[in-house]
Amino acid sequence: MSLKVHQPSPDIYLPSTNGNHFKLSRDLANQPVIIYFYPKDFTPGCTQEACSFRDAFSVFRNLNITVVGISRDSVETHQKFKKQHQLPFELLSDRDGSVAKKYGALVPFLKVVRRVTYLLDANHKIAAVYEDMFGAEKHIQQMVKAVQKSV
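Residues numbered from 1 in each chain as written. Predicted model: local features only at pLDDT ≥ 70, side-chain atom pairs only at ≥ 80, totals over all residues. Heavy atoms only, no water.

(A) Quick peek at the overall build of the protein chain. A tally of regular secondary structure across the protein chain gives six helices and nine strands. Residues counted as buried form 49% of the 151 residues belonging to the protein chain. Nonlocal contacts in the protein chain, meaning residues at least 24 apart in sequence, comprise 63% of its contacts between residues at least 6 apart. Summed over all atoms, the accessible surface of the protein chain reaches about 7,700 Å², with 53% contributed by carbon and sulfur. (Helix = DSSP H or I, 4+ residues; strand = E, 2+ residues; numbered from the N terminus. Buried < 20%, exposed > 50% of the residue type's maximum accessible area, 1.4 Å probe, protein only. Contact = heavy atoms within 4.5 Å. Areas by Shrake-Rupley, 256 points an atom, 1.4 Å probe, with all protein chains shown as cover.)

(B) Main features of the pattern of salt bridges. Enumeration according to the criterion identifies six salt bridges in this entry. Between glutamate 49 and arginine 115 there is a salt bridge, with its nearest N and O atoms 2.6 Å apart. With glutamate 49 in helix α2 (residues 44–55) and arginine 115 in the loop between β7 (112–113) and β8 (116–120), this residue pair connects regions lying 66 residues apart in the sequence. When sorted by exposure, glutamate 49 lands in the same class as arginine 115, which is buried. (Salt bridge = Lys/Arg side-chain N within 4 Å of Asp/Glu carboxyl O.)

(C) Up close: unusual backbone geometry. Of note, the phi angle at glutamine 86 is positive, near 50 degrees, even though the residue is not glycine. Notably, lysine 111 is not glycine yet its phi reads approximately 60 degrees, a positive angle. If you trace the backbone, lysine 111 turns up in the loop between β6 (106–107) and β7. For lysine 111, a relative accessible area of 45% gives the class partly exposed.

(D) Quick peek at the environment of asparagine 123. With respect to the secondary-structure elements, asparagine 123 resides in the loop between β8 and β9 (126–131). Residue class for asparagine 123 comes out exposed when judged on its relative accessible area of 61%. Each C-alpha atom, one on asparagine 123 and one on glutamine 31, is 7.2 Å from the other, the two residues being 92 residues apart in sequence.

(E) Geometry of the sheet that holds strand β4 (residues 66–71). Pairing within the open sheet is mixed, and its five strands lie in the order β5-β4-β3-β8-β9. Each having just a single partner strand, β5 (90–93) and β9 make up the two edges of the open sheet. Taken pair by pair, the neighbouring strands of this sheet meet at an average axis angle of 20 degrees, ignoring direction. Docked against the sheet, α2 engages β3 (33–37), β4 and β8, running at close to 165 degrees with respect to β3. Contacts from helix α4 (residues 75–84) reach β4 and β5, with the element oriented near 160 degrees to β5. (Pairing = 2+ DSSP bridges. Axes fitted to C-alpha atoms, helices over the stretch in contact; angles between N-to-C directions.)

(F) Local environment of the packing of aromatic side chains. Under the criterion given, the structure shown has 10 aromatic pairs. Here the aromatic rings of phenylalanine 57 and phenylalanine 89 are separated by 6.2 Å at their centres, their planes lie at 35 degrees, and the arrangement is tilted. Of this pair, phenylalanine 57 sits in helix α3 (residues 57–62) while phenylalanine 89 sits in the loop between α4 and β5, and the two are 32 residues apart along the sequence. Each of the two residues, phenylalanine 57 as well as phenylalanine 89, counts as buried. Members of the aromatic cluster, connected to one another through ring pairs, are Tyr36, Tyr38, Phe42, Phe53, Phe57, Phe60, Phe81 and Phe89. (Phe/Tyr/Trp six-rings, centres within 6.5 Å; stacked < 30°, edge-to-face > 60°.)

(G) Structural view of the nonpolar core. In terms of nonpolar packing, the biggest core is built from 22 residues, with Ile12, Leu24, Ile35, Phe37, Ile70 and Tyr103 touching the most fellow members. Secondary structure elements with two or more residues in this core: β3, β4, α5 (98–102) and β8. The contact partners of isoleucine 70, leaving out residues within four places of it in the chain, are Ile12, Leu14, Ile35, Tyr36, Phe37, Tyr38, Leu92, Asp94 and Val99. (Core = buried A, V, L, I, M, F, W, Y, C linked by side-chain atoms within 4.5 Å.)

(H) Representation of α4 in the model. Looking only at α4, the buried set comprises Val75, His78, Phe81 and Lys82. Angular distribution of buried residues about the axis of α4 spans 120 degrees; they occupy a single face of the element. For α4, exposure combined with an orientation more than 90 degrees from the buried face picks out Glu76, Lys80, Lys83 and Gln84. Considering only its buried residues, α4 is in contact with β1 (13–15), α2, β4 and β5. The first or second residue beyond α4 is glutamine 86, which carries a positive phi of 50 degrees. (Arc of directions from axis to C-beta.)

What follows is the structure in structure tokens.
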């Protein structure tokens, strides 16, 4: 079950493709952010989703909204995925699925990350949430709509 609108988001502390550990409360304090959880690098749906966020990146950047992707893949795999698809945002490695679980994005027993996207406001409360395992491109469309609505 994903988190609900107006709930505070759990803090995140994970290794990032930039070589550092990303901490939501430290690195993006008082800033809105889109966090998208996805199952696996280099799979068709996840590649489509990442490239759609890449293609819409200027919309979010112009509004000072950071985009961050999270899956259970290793930092090394994320770095290859990011380079191959020229992704302008960081990918975080949630190897044990603990952050995905806090965000309701981990399928129990299977330990697979579900496709869930969150828009967090500057106070890191959930402003919008969208989940659809098979409609990868819809995540970007829904976040653009949510961002436009909140501006």
